[in-house]
Amino acid sequence: MSLQETLLTQFQENPLNWFLSGFLIYVIYSYLSPVPYNLPVARHAETTVFREYIPKQLREYDGRTPQTKIYIGICGNVFDVTKGRNFYGPDGPYGNFAGRDASRGLAKNSFDMDVLTPIDQPLDTLEDLTRDEIESLNDWHAHFAGKYQLVGKLVNDSDVL
Ligand code: HEM
């Protein structure tokens, strides 16, 4: 009896052989396949490059759409506060700080937009703050540093080459 005839007889006599053959083919294909069978294609985790922002660039990160990230400047540092979207999003209580240098507003505990330096003007030097205001600002900075990722530095337009 030839090999073909033997196999045919085996398959006819025991249908379980069909299942075992299929399983064997699947195992062999899994080992030989260049991309592991059934595994999702690997993707690189999202990365953020630490960089310098001038006020106009920071303004882009104001969370205006659900996909837009939210960055806040405080004491010359830029933090990614996107995970606090409920605070800083367009409808959040602190949305006025989104995409802005929030230093003076946080120092003075003020939501007033007039307190924040317009984005086309040089960065706030904060030199006139009182001792209490500086303390308040430092406390806020420590809060942000402990909770959010530092993503860059806030610099004047003139500092960028
Ligand atoms: C009416 C008085 C205020 C009340 C009742 C209030 C209440 C709150 C509450 C409940 C939180 C959430 C805290 C947490 O879960 O971590 C919060 C966060 C915050 N508050 Fe106020 N707040 C007030 C005034 C202010 C003022 C005047 C400022 C500054 C201008 C301010 C700035 C912030 C900021 C920046 C956060 C979010 C911090 C973060 O991202 O973790 N709040 N506030």
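The rules behind each value
Residues numbered from 1 in each chain as written. Predicted model: local features only at pLDDT ≥ 70, side-chain atom pairs only at ≥ 80, totals over all residues. Heavy atoms only, no water. UniProt positions renumbered as here; feature names shortened; annotations may be inferred. Helix = DSSP H or I, 4+ residues; strand = E, 2+ residues; numbered from the N terminus. Near = heavy atom within 4 Å. Polar contact = N/O pair within 3.5 Å; in protein donor to acceptor, adjacent residues only side chain to side chain. Nonpolar A, V, L, I, M, F, W, Y, C, P; charged D, E, K, R; others polar. Core = buried A, V, L, I, M, F, W, Y, C linked by side-chain atoms within 4.5 Å. Buried < 20%, exposed > 50% of the residue type's maximum accessible area, 1.4 Å probe, protein only. Contact = heavy atoms within 4.5 Å. Expected span 1.5 Å × (residues − 1). Arc of directions from axis to C-beta. Patch = residues over 30% accessible without salt bridge, like charges linked within 9 Å, V, L, I, M, F, W, Y side chains within 5 Å. Areas by Shrake-Rupley, 256 points an atom, 1.4 Å probe, with all protein chains shown as cover. Salt bridge = Lys/Arg side-chain N within 4 Å of Asp/Glu carboxyl O. Lys, Arg positive; Asp, Glu negative; His and termini not counted.

All right, on to the UniProt feature "domain: Cytochrome b5 heme-binding" (unreviewed entry) in the protein then. Taking the UniProt record as the reference, the feature "domain: Cytochrome b5 heme-binding" (unreviewed entry) is found at residues 53-155. Secondary structure content for residues 53-155 is 29% helix and 15% strand, and the end C-alpha separation is 6 Å.

Let us look at the site of the ligand. Taken together, 13 residues lie around the ligand, and Tyr88, Tyr94, His143, Lys147 and Tyr148 are the ones closest in. A distance of 2.7 Å separates a nitrogen atom of the ligand from a polar side-chain atom of Tyr94. The residue makeup of the shell around the ligand, split by class, is 8 nonpolar, 4 polar and 1 charged.

This part covers the nonpolar core. Counting residues in hydrophobic clusters, the biggest one holds 17 residues, and the most contacted among them are Ile72, Val81, Tyr88, Leu106, Leu137 and Phe144. Excluding its chain neighbours within four sequence positions, the residues that come into contact with Leu106 are Ile74, Phe97, Ser136, Leu137, Trp140 and Phe144. By size, the runner-up hydrophobic cluster in this structure holds 6 residues, among which are Leu58, Tyr71, Val151 and Leu154.

For helix α6 (residues 131-147), with 17 residues, the first-to-last C-alpha span of 24 Å sits near the 24 Å given by 1.5 Å per residue. If you check which residues of α6 are buried, you get Glu133, Ser136, Leu137, His141 and Phe144. The arc enclosing the buried residues of α6, seen along the axis, measures out at 140°, which places them on a common side. With respect to the buried face of α6, the exposed residues turned more than 90 degrees away are Arg131, Asp132 and Gly146. In this structure, the buried side of α6 is in contact with β2 (71-74), β3 (77-80), α4 (85-88) and α5 (103-107).

Moving on, we come to the UniProt feature "transmembrane region" (unreviewed entry) in the protein. Look at the UniProt record and you will see "transmembrane region" (unreviewed entry) annotated at residues 15-32. Here residues 15-32 is 94% helix and 0% strand, with 27 Å between the C-alpha atoms at its ends.

Nonpolar side chains collect at one region of the surface, where Leu16, Phe19, Leu20, Phe23 and Tyr26 lie side by side and expose about 540 Å² of accessible area between them. In this structure, Leu20 sits in helix α2 (residues 16-32).

This part covers the side chain of Asp101. If you trace the backbone, Asp101 turns up in the loop between α4 and α5. Among buried charged residues, Asp101 stands out as having no salt bridge; its nearest opposite-charge side chain is Arg104, 7.9 Å away. Among the polar contacts made by the side chain of Asp101, one reaches the side chain of Ser103 at a distance of 2.6 Å. If we skip the residues at most four places from it in the chain, Asp101 touches Leu58, Gly73, Ile74, Leu116, Leu123, Asp124 and Leu154.

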